[in-house]
Every structure is written in structure tokens, then in C-alpha cells.
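Single-letter residue listing:
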Amino acid sequence: MTDFLAAALQLTSTSDPELNFAAAEEQIELAARRGAELVGLPENFAFMGDDERRLELAQDLAEQCSRFLVTMARRYQVVLLGGGFPVPSGDSNHTVNRAELVGRDGQLLARYDKIHLFDVDLPEGNTYQESATTTSGRELPPVVDVPGLCRVGLSICYDVRFPELYRHLVSAGAELLMIPAAFTAFTGKDHWQVLLQARAIENTSYVLAPAQTGRHYSRRQSHGHAMVIDPWGTVLADAGVSQGAAIAPVDNSHIGRIRAQMPSLQHRQSALF
């Protein structure tokens, strides 16, 4: 297979997991009906609410999310990424933020616990302290060769600001970088697209970036604009600001052509850097 359709889903998740699961399934089904074979859900797809409630739900929610991904992948015959959900870390006051990639048969292909945590005071008045209740992942993000598709590397949201993580992924063979996110509206308007394009261009890789959009609770608002971007940095699909999906073809032969035309990966001075 040289090409396939990939879908970056876009949701407005809330503090009600059942409503979130229903909304996610609706978008998975629509993407599958359009022919998507690789489907990504955004970060926090099952829960967007206050930290205290997330910690209360974490044990049950982690099990529900894993079961949901297996069921959806099998039901709609897609390779499915759950872009980030809370999993107990062993500390009752912390979770890890975990992404799982599941194959069409429901087999777990890869998992990744978010390494970089969003601890930022923004000029618009909001303060985010992800590390207060989330434990940083301690293992390198994985690359998995998905049969019939391509080699996929995992990351989550704030990771996009750390290019060394993506250098690791492409050095491990990644051809498509998955960057599920719940990017804030304030930072997203200036940084989201340009960061995604930079990661695509410098690594001559496809980028699949599922996203949260709209207002979730209180002052929490996400930027939206789930995207599929090709290895030249061209935005192939943009979901805008409504719930839905960005769907576009991933062409493995195009990756080869771009890497031949712009062989920057071969020009790295690994002995120096």
C-alpha cells in the first residue's frame, strides 16, 4: 500500500465522560465512513474538567478509555489513537497523561506517557500547572510500524515545542508524527500551525494533529484547527473551529520524494550534536 486516508478528529470534550465517548464515537464512525484507516482522537478526549474530579475518576476512566479504544478500533476497522487520558501514576494526587495506539484487531500497538508538562503563566490571565497533578513520563516516545500504513511516532500536545523529541522519533524511523492536543486558544492562535509545520518540515514527515476546540468549562478554551500536514509543510486539511475532522491522504511515495529532494535528515552532524 502506498497511500491511505488519515483523520485528525476534533472534539469539544467536557467533564462528562459518557457524553465525550458518544461524541468521539460519532466522529470515528464518520471518519471511517469516509475511508479513513488511521484515526486520531485529541488529548483529553474522554475528560476535560477540573483536576480534583479527574483524580477521582482516574482509575475507572483509564480502564474505560482503554476498552473504548479497543472496541472502536474493532468496530470501525481503523487504527486508532487515543490522544491522551488520565491513568493513575501510583501517587493518589497524580496521574500520567497517556496516549494509546490500537490496531484494527484491538491489539495495543504502542503507548506513551506525556513527557513535557504545561506549566505556564499566560499574559491573558490563565495559569496552567499540569505538573501539580500529573507525573511526567520517563520513557522515550515510541515508533511503531503499522502494517499496511506507515511508521508512526507518538507525542502529546506541549511536546510539540521540543524539537529534540521529534528528532528522536524520526531517527527511530517515523514517517508520520502524531501530535494530539488541547492547545489553549491564546497560544494556539500564534503558535499551533507554525509549530506543526516546523515539525513536519524539519523532519520531512507527515503530521497528524487531532485537537480540542471551543469552551470546555470555566475559562478553559481550546484553539481547534486539527490538521493533517505533509512532509513539505503543506496543510492538507484543517478542521477549523467546529467539532469534526481533518482528513487527507498520506502517500508513502511522497515521503520518499520529499526526502530525496530535501535530504536534510542525511545532512545531520550527529558527531557534533
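Quick note: structure is the one above.
Let me sum up the structure you'll find in this document. Fair warning: this is a prediction, and the values are worked out from it, not measured in the lab.

### Focus on unusual backbone geometry
- For Cys157, which is not glycine, the phi torsion reads 45° and is therefore positive.
- Its location among the elements puts Cys157 in the loop between β9 (151-154) and α3 (163-171).
- Positive phi, normally seen in glycine, also occurs at His225, with a value near 60°.
- Tracing the chain through its elements places His225 in the loop between β13 (220-223) and β14 (227-229).
- What makes His225 partly exposed here is its relative accessible area of 22%.

### Focus on the sheet that holds β14
- Taken together, six strands build an open sheet; the order of strands is β8-β9-β10-β11-β14-β15 and the sheet is mixed. This sheet does not close on itself; its edge strands, each paired only once, are β8 (143-145) and β15 (235-238). Along the sheet, successive strands turn relative to each other by an average axial angle of 15°, direction set aside.
- Here β8 pairs with β9 via three bridges, running antiparallel. Paired with Val144 across the two strands is Val152, which belongs to β9.
- Packed onto the sheet, α3 meets β8, β9 and β10 (176-178) and runs at close to 155° relative to β9.

### Here's the deal with the environment of Val70
- Along the chain, Val70 falls in helix α2 (residues 51-76).
- The sequence separation of Val70 and Val102 amounts to 32 residues, and the corresponding C-alpha distance is 6.4 Å.
- The contacts of Val70, once residues within four sequence positions are left out, are Val102 and Gly106.

### Regarding the environment of Val235
- As for its position among the elements, Val235 is in strand β15.
- For Val235, a relative accessible area of 28% corresponds to the partly exposed category.
- A C-alpha to C-alpha distance of 9.3 Å links Val235 and Val207, two positions 28 residues apart in sequence.
- In this structure, Val235 is in contact with Gln193, Gln197, Met227, Val228 and Ile229, ignoring residues within four places of it in sequence.

### Points about the nonpolar core
- By size, the foremost hydrophobic cluster in this structure holds 48 residues, and its most contacted members are Leu38, Leu101, Val152, Leu176, Met178 and Leu196.
- Setting aside anything within four residues of it in sequence, one finds Leu38 in contact with Phe4, Leu5, Ala6, Ala7, Val79, Leu101, Leu149, Val152, Leu176, Met178 and Leu208.
- If you look at the next biggest cluster of nonpolar residues, it comprises 29 residues, including Phe21, Ala24, Leu69 and Leu80.

### Comments concerning the pattern of salt bridges
- Counted under the stated rule, the structure contains 13 salt bridges.
- A salt bridge links Asp51 to Arg54, with the nearest nitrogen and oxygen atoms 3.0 Å apart. Residue Asp51 and its partner Arg54 are both found in helix α2; the two are separated by three residues, about one turn of the helix.
- The class of Arg54 is buried, set by a relative accessible area of 11%.
- We note a salt bridge from Glu175 to Arg151, for which the minimum N-O separation is 3.1 Å. Of this pair, Glu175 sits in the loop between α3 and β10 while Arg151 sits in strand β9, and the two are 24 residues apart along the sequence.
- Each of Glu43, Lys114 and Glu130 takes part in one network of salt bridges that share partners.

Rules of the game
Residues numbered from 1 in each chain as written. Predicted model: local features only at pLDDT ≥ 70, side-chain atom pairs only at ≥ 80, totals over all residues. Heavy atoms only, no water. Helix = DSSP H or I, 4+ residues; strand = E, 2+ residues; numbered from the N terminus. Buried < 20%, exposed > 50% of the residue type's maximum accessible area, 1.4 Å probe, protein only. Pairing = 2+ DSSP bridges. Axes fitted to C-alpha atoms, helices over the stretch in contact; angles between N-to-C directions. Contact = heavy atoms within 4.5 Å. Core = buried A, V, L, I, M, F, W, Y, C linked by side-chain atoms within 4.5 Å. Salt bridge = Lys/Arg side-chain N within 4 Å of Asp/Glu carboxyl O.

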